[in-house]
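Architecture and fold: a report
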Amino acid sequence: MSSRPAPAWSAHVLPPDPAPPADLGIYVHVPFCISKCPYCAFNTIASDGTLHEGYVRAVCREIREAGARLGPLPAATVFLGGGTPTFLAAAQLERILDAVRAAFPPAPGAEITCEANPGTADAELFGDLRRLGINRLSMGVQSFDPAELARLGRAHSADEARAAYRLARAAGFDNVNLDFIFALPGQTLDGWRRTLDEAVRLAPDHLSSYCLTLEEGTPYWKEARAGRLALPDPEVQADFVAATHAELGARGYAPYEISNFARPGRACRHNLRYWSLDPYLGFGPGAHSFWGDRRWSDLGSIPEYIERLDAGRPVRALDETLRPEQRVFEAIYVGLRKCTGVERADFRRRFGLELDLAYGPTIAPLLAQGLLESDPQGIRLTPRGLHIADAVTPEFCA
Ligand code: SF4
């Protein structure tokens, strides 16, 4: 890539802080799993259940207090993620959702998602989730190959994943996502195509397909450093990406973000908020929030999170007000993750700036290198640019 030209900020005046939002996305982080997968760097623990009750009490308090401070505002989306939210008892999930509903009443037609692990799912659980008003389910399947599942340290089998999917449909879920991971150690392209083929034959509404990455400090990362774990090199990873797009595109799943594919009308509205810089509040240990020109996060330690909330003390770890140029870069950074990219009209509305005036010298070389495309609607990464988005988007950093 070329050297980075400076954006033309100095010639423009950005509008002041954004107006209060019309609605919100609500994320609740449930930091418990049955076991810890060796590649996972999320803020989660293998749980024996001891902290569950304290966590539920604490997170409900955090939600109530935020509602009193910032509400009432309608929640356009609610997402129970983690972790494995369904590791909690249904009555505990109900208390969390009651707290959300009281503080941030879901708007009519709100998307309410819960993540579930196929190994801990049965008909009763899915029935409970439906009764609680959850209308979208996201399951971490990762692979249909038993050897790959074992290598990933997953707590479920391929058969359990198939059975859980069918039970979810039988319980009435008409909006189901399945998560997969590719470029695993020893995985072949044919093996990945077999997993994709089986996934598509189940006919979920949405598919997420993530490239395995080595996160610092994880057992996988340590094994790789010790030379005991070999992952496919970047060219082979690019082949996996191309195979994913070909396979899913041919079967009616359109990509709408680097790792996400959906049938028409089934893109995840909650995650789209993140990539569109629409405001969201996150609750739970390590959860992040974004509101106007501010972003903040909660501390990550689960015992400390519980202790502090029980004592009526704040749990904020980071709290920053973004400078105008940071807000603009954030909009570009997350916007370019989407296949629709950054829309000129939206950019103008948010910042009072013309995209080409602000970023013309950055855009031109990326167009020339075939990493970006531009038309009257906006700019977006090409398939090649999407694959190396993490290397391309910093070019826009002021
Ligand atoms: S189930 Fe998901 S959140 Fe839990 S440890 Fe495994 S990858 Fe991480």
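Let me sum up the structure you'll find in this document.

**With respect to the pattern of salt bridges**
- Enumeration according to the criterion identifies 29 salt bridges in this entry.
- When the shortest N-O distance is used, the salt bridge between Arg295 and Glu320 registers 2.6 Å. Remark: Glu320 occurs in strand S14 (residues 316-321) and Arg295 occurs in strand S13 (residues 294-298); sequence separation between them is 25 residues.
- A relative accessible area of 26% means that Glu320 is categorised as partly exposed.
- A salt bridge links Arg308 to Glu304, with the shortest nitrogen-to-oxygen separation between them at 2.9 Å. Placement of the pair is Arg308 and Glu304 together in helix H10 (residues 302-310), with a separation of four residues, close to one helical turn.
- Take Glu304: its relative accessible area is 32%, and that puts it in the partly exposed class.
- Salt bridges sharing partners connect three or more residues here, namely Arg169, Asp174, Asp205 and Arg266.

**As for helix H5 (residues 158-170)**
- Relative to the 18 Å expected for 13 residues at 1.5 Å per residue, H5 spans 19 Å between its end C-alpha atoms, a close match to the ideal helical length.
- Every buried residue of H5 is listed here: Ala158, Ala161, Arg162, Ala164, Tyr165 and Ala168. In a view along the axis of H5, the buried residues occupy a sector of 165°, so they form one face of it. Residues of H5 that are exposed and point more than 90 degrees away from the buried face comprise Asp159, Arg166 and Ala170.
- Positive backbone phi, approximately 105°, marks Gly172, located one or two places after H5.

Each value, and the rule that gives it
- Residues numbered from 1 in each chain as written.
- Predicted model: local features only at pLDDT ≥ 70, side-chain atom pairs only at ≥ 80, totals over all residues.
- Heavy atoms only, no water.
- Salt bridge = Lys/Arg side-chain N within 4 Å of Asp/Glu carboxyl O.
- Helix = DSSP H or I, 4+ residues; strand = E, 2+ residues; numbered from the N terminus.
- Buried < 20%, exposed > 50% of the residue type's maximum accessible area, 1.4 Å probe, protein only.
- Expected span 1.5 Å × (residues − 1).
- Arc of directions from axis to C-beta.

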